[in-house]
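Listed below are the residues making up each chain.
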Amino acid sequence: MRLLFLGDIVGRSGRKAVVDALPGLRRRYALDCVVINAENSAGGFGITQSILEELIEAGADAVTLGNHAFDQKDALVFIERYPQLIRPVNYPKGTPGRGASLIRTAGGADVLVINVMGRIFMPELDDPFRAIDAELTACRLKQGADAILIDMHAEATSEKQALGYFVDGRASVVVGTHTHVPTADDRVLPNGTAYISDAGMCGDYNSVLGMDIEEPINRFITKIPRQRFEPAGGPATISGLAVEIDDKTGLATACGALRIGPHLEPAAPAFWAT
Ligand SMILES: [Fe+2]
Ligand SMILES: [Fe+2]
């Protein structure tokens, strides 16, 4: 199975880059499953129903979220109607939507997609480790699902690495999101889980984490907000993780960065020779 994960879409330019590139990527690499984090897709804050529809139309099998999941309040309602829209699993009980979803791909495989949030320098949600353990116990790799992807939405690389090793051999992929900066530590862990601390963002990298640079600089210097954060509007670079999964074991055999756009060194998975 060939799985592609793309990191946080930021604003209109990030959306455009993903929607423009995804149909071609699906064809070129014969992708079986595409998962995208879109917590910043609506003007940098949250997601709308029409954006979700646009991403599904472009070829996303599942869309994950994070601390910005419900910045657009409508998401509290429409999330119930979309099993492919997944918010952090460790929100308080009673939070609308679901934190894990079994996604049937076009090829007939079932991929369990889980979104979870870290707690270091983040809102204090339930224990992410216990929440993930419960999900992996309820739906085991190759019993309940052909592949399992965990989007670990967290600030601290230590917490993300710990979660990676905590589930090594029980999940196909652990991909970090939230920091919007791709890390260079993509690898398959010893027991077969593909891992990267952060997938990077899909957005304009001439920015501070996807936002126009003026207001972030102002806030660091003066500590007084002057205006709201606005997504940077230049052409976007898309960034993510490509994963090859063994159909027999559900574990990863290879993974590597995928980056396309004007800002970062381009990267494409060599193990997906076209
Ligand atoms: Fe984000
Ligand atoms: Fe985030």
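See the structure printed just above.
Enquirer: I keep staring at the coordination of the iron ion (ligand 1) and nothing clicks. Help me out?
Expert: For the iron ion (ligand 1), the full set of protein donor atoms is D8 (OD), E39 (OE), N40 (OD1) and H180 (NE2), at a range of 2.0 to 2.2 Å. If you look at the iron ion (ligand 1), its four donor atoms make angles of 88 to 167 degrees with each other, and the shape they trace is irregular. Here the donor residues of the iron ion (ligand 1) are spaced in sequence according to D-x30-E-N-x139-H. Separating the iron ion (ligand 1) from the iron ion (ligand 2) is a gap of 3.4 Å, bridged by E39, which donates to each. With a gap of 31 residues between them, D8 in the loop between β1 (2-6) and α1 (11-29) and E39 in the loop between β2 (33-37) and α2 (49-58) connect regions that are remote in the sequence. Taking relative accessible area as the criterion, E39 reaches 1% and is therefore assigned buried.

Enquirer: Which parts of the structure should I look at to understand the coordination of the iron ion (ligand 2)?
Expert: Ideal geometry at a metal gives 109.5 degrees between four tetrahedral donors and either 90 or 180 degrees between six octahedral ones. Distances from the iron ion (ligand 2) to its protein donors, namely E39 (OE), N67 (OD1), H153 (NE2) and H178 (ND1), fall within the range 2.1 to 2.2 Å. Taken in chain order, the donor set of the iron ion (ligand 2) reads E-x27-N-x85-H-x24-H.

Enquirer: Hey, could you run me through the pattern of salt bridges in this one?
Expert: A pair can form between side chains of opposite charge whenever their charged atoms are brought close. Scanning the entire structure with this criterion turns up 13 salt bridges. Across the salt bridge formed by R2 and E244, the nearest N and O atoms sit 3.5 Å from each other. Remark: E244 occurs in strand β11 (residues 238-245) and R2 occurs in strand β1; sequence separation between them is 242 residues. The shortest N-O distance in the salt bridge between D127 and R130 comes to 2.6 Å. Taking the relative accessible area as the measure of exposure, D127 reaches 17% and is therefore buried.

Enquirer: Quick question: what am I supposed to make of a nonpolar patch on the surface here?
Expert: Residues I213, I217, F220 and I221 make up a contiguous nonpolar surface patch of roughly 440 Å² in combined accessible area. Its location among the elements puts I221 in helix α6 (residues 214-222).

Enquirer: It is not clear to me how the sheet that holds strand β7 (residues 147-153) should be interpreted in this structure. Could you clarify?
Expert: The strands that make up a sheet are held in pairs by hydrogen bonds between backbone atoms, and each pair lies either parallel or antiparallel. As summarised here, the arrangement of the six strands in space is β5-β6-β7-β8-β10-β9, forming an open sheet in which the pairing is mixed. Across the chains shown, the open sheet's two edge strands, defined by having one partner strand only, are β5 (100-104) and β9 (187-188). Looking at chain direction, β7 and strand β8 (residues 173-177) are connected through five bridges and run parallel. Looking at the pairing, H153 lines up with T177 of β8. Its contacts with the sheet put helix α4 (residues 128-138) on β5, β6 (110-117) and β7, and the angle it makes with β6 is roughly 165 degrees.

Enquirer: How should the environment of V34 be read in this particular structure?
Expert: Here V34 shows up in strand β2. Since its relative accessible area comes to 0%, V34 is described here as buried. C-alpha separation for the pair V34 and L149, spaced 115 residues apart in sequence, amounts to 11 Å. Ignoring any residue separated from it by four or fewer positions in sequence, one finds V34 in contact with L4, L22, R26, G59, A60, D61 and A62.

Enquirer: Help me understand α2, please; the structure alone is not making it clear to me.
Expert: Count 3.6 residues to each turn of an α-helix, and residues three or four apart come out pointing the same way. Along α2, the positions that sit buried rather than exposed are I51, L52, L55 and A58. All buried residues of α2 project into a common sector of 130 degrees when viewed along the axis, lining one side. Projecting away from the buried face of α2 at angles above 90 degrees are the exposed residues S50 and E57. Its buried side turned inward, α2 meets α1, β3 (62-64), α3 (75-78) and β4 (85-86). Among the residues trailing α2, G59 stands out with phi positive, at a value near 125 degrees.

Reading the values: the criteria
Residues numbered from 1 in each chain as written. Chains lettered and ligands numbered in written order. Predicted model: local features only at pLDDT ≥ 70, side-chain atom pairs only at ≥ 80, totals over all residues. Heavy atoms only, no water. Donors = N, O, S within 2.8 Å, 3.2 Å for Na, K, Ca; no water. Tetrahedral: all angles 85-135°; square planar, octahedral: opposite > 155°, others 65-115°. Helix = DSSP H or I, 4+ residues; strand = E, 2+ residues; numbered from the N terminus. Buried < 20%, exposed > 50% of the residue type's maximum accessible area, 1.4 Å probe, protein only. Salt bridge = Lys/Arg side-chain N within 4 Å of Asp/Glu carboxyl O. Patch = residues over 30% accessible without salt bridge, like charges linked within 9 Å, V, L, I, M, F, W, Y side chains within 5 Å. Areas by Shrake-Rupley, 256 points an atom, 1.4 Å probe, with all protein chains shown as cover. Pairing = 2+ DSSP bridges. Contact = heavy atoms within 4.5 Å. Axes fitted to C-alpha atoms, helices over the stretch in contact; angles between N-to-C directions. Arc of directions from axis to C-beta.

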